[in-house]
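Summary of the model geometry
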Amino acid sequence: MESSDSVRVAVNIRPLITTELLNGCTDCITVVPGEPQVQIGTHSFTYDYVYGGEGTPSSSIYDDCAAPLVDALFDGYNATVLAYGQTGSGKTYTMGTDYNGEEGNGGIIPKVMETIFTRVEEMKNSTEFLIRVSFIEIFKEEVFDLLDTKPTALGRRQIQIRETGSGGITLSGVTETQVWTKEEMASNLARGSLSRATGSTNMNSQSSRSHAIFTISMEQKKIASCLSGVNNDISDDILCAKLHLVDLAGSERAKRTGANGLQLKEGININKGLLALGNVISALGDEKKRKEGGHVPYRDSKLTRLLQRLSASTKG
Ligand SMILES: Nc1ncnc2c1ncn2[C@@H]1O[C@H](COP(=O)(O)OP(=O)(O)OP(=O)(O)O)[C@@H](O)[C@H]1O
């Protein structure tokens, strides 16, 4: 992938849901035929891909956007998929974060899991794999471990972000569960999703109020007997990489969601994190700034501090 391609943006247009149809809502987005471009009123927006509506069928999202990242994971590259959008726009649906093991969920995460374990099975005679998952959420600028099975009497344990001597970022004490099958991975996803902070807003009865990061870590080691004589010296090499699947909290306008009191405060924190994320992506996307080693404001929120760990890591 060219470095200019390292961030790709796809939009998935969902159909109107029942409550919207009952309220007499109508579609307001048109897709420009044959172009990855949408029009809302007089404004046009261009992306790398447009799905749903009259665009490419949503079923192609995985193949176009996520499958290359799973390939990259096997090649030792880190990657991140972020779902961004306002409350109720379909982030959880598109990512499949609420996958409960039932077939037919078309989300990205279930397909990622399926592909990983199919490939692991195909490569099992030549490669040993160590696959682990972690699942955290950032709620009101605090990090929680969604796979923690032993919350304290005072409630959920907060996870501290620590900086290592070499400038890296670690999450101290976060649960990393080893998994051997797709089903085990799915059950960790389901368990973590149940612990996720949700609340009801006017715009979505099951609104996610936190940023959720599901991380798949993969270590690969070639089985010695499968290495050709010349390459025997690399038999101890371990290829490590991580794939982060992020379901962001809804970007929202307080007036439309009807949030007040605590929920309004949550919304303010959510928007702060998203604003900081937007600023980081803009800084990373500015090629001139990047080449000059310009400042990237990672420290402005927990979300961006954690993502710094992801973008700073290189090929394992
Ligand atoms: N592509 C789609 N096709 C059909 N229904 C969809 C689609 N996308 C989302 N929906 C439905 O729309 C509703 C809202 O979707 P979802 O919960 O995924 O939104 P969200 O962006 O994750 O919201 P929040 O930020 O509040 O968590 C759900 O009932 C979901 O089933």
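Cut-offs used in this document
- Residues numbered from 1 in each chain as written.
- Predicted model: local features only at pLDDT ≥ 70, side-chain atom pairs only at ≥ 80, totals over all residues.
- Heavy atoms only, no water.
- UniProt positions renumbered as here; feature names shortened; annotations may be inferred.
- Helix = DSSP H or I, 4+ residues; strand = E, 2+ residues; numbered from the N terminus.
- Buried < 20%, exposed > 50% of the residue type's maximum accessible area, 1.4 Å probe, protein only.
- Polar contact = N/O pair within 3.5 Å; in protein donor to acceptor, adjacent residues only side chain to side chain.
- Salt bridge = Lys/Arg side-chain N within 4 Å of Asp/Glu carboxyl O.
- pLDDT = per-residue confidence, 0-100.
- Contact = heavy atoms within 4.5 Å.

The next subject is the UniProt feature "binding site: ATP" (unreviewed entry) in the protein. Residues annotated in UniProt with the feature "binding site: ATP" (unreviewed entry) correspond here to Gly-85, Gln-86, Thr-87, Gly-88, Ser-89, Gly-90, Lys-91 and Thr-92. Looking at the element boundaries, Gly-88 is found in the loop between strand E6 (79–83) and helix H3 (91–95). Within the fold, Ser-89 resides in the loop between E6 and H3. The partly exposed category is assigned to Ser-89, whose relative accessible area is 26%. Polar contacts involving the side chain of Ser-89 include one to the main-chain carbonyl oxygen of Gln-86, which spans 2.6 Å.

What follows covers the pattern of salt bridges. Going through the model one piece at a time under the given rule, you end up with seven salt bridges. With a shortest N-O distance of 3.0 Å, Glu-219 and Arg-132 are connected by a salt bridge. You can see Glu-219 sitting in strand E14 (residues 211–222) and its partner Arg-132 sitting in strand E7 (residues 127–139), a full 87 residues away along the chain. Using a relative accessible area of 24% as the deciding quantity, one classes Arg-132 as partly exposed. Salt-bridge contacts for Glu-163 lead to Arg-305; the nearest nitrogen and oxygen are separated by 2.7 Å. On the criterion of sequence distance, the pair formed by Glu-163 in strand E9 (residues 158–163) and Arg-305 in helix H9 (residues 302–312) is long-range, its members being 142 residues apart. When its relative accessible area of 16% is taken as the criterion, Arg-305 is described as buried. Several salt bridges converge on common partners, so that one network encompasses Glu-163, Arg-299 and Arg-305.

What follows deals with the confidence of the model for the protein. Regions with low pLDDT carry predicted coordinates that are not meant to be interpreted in detail. Overall, the prediction assigns the protein a mean pLDDT of 81, with 79% of residues at 70 or greater. Within the protein, strand E11 (residues 177–178) carries the highest mean pLDDT (96), whereas helix H6 (residues 254–257) carries the lowest (47). Here residues 199–206 is a poorly scored stretch, pLDDT under 50, and it has 24 contacts once near neighbours within four places are set aside; other chains count. Per-residue pLDDT stays below 50 along residues 312–316; that stretch engages in nine contacts with residues further than four places along the chain or on separate chains. Scoring the predicted complex yields pTM 0.85 and, for the interface, ipTM 0.97.

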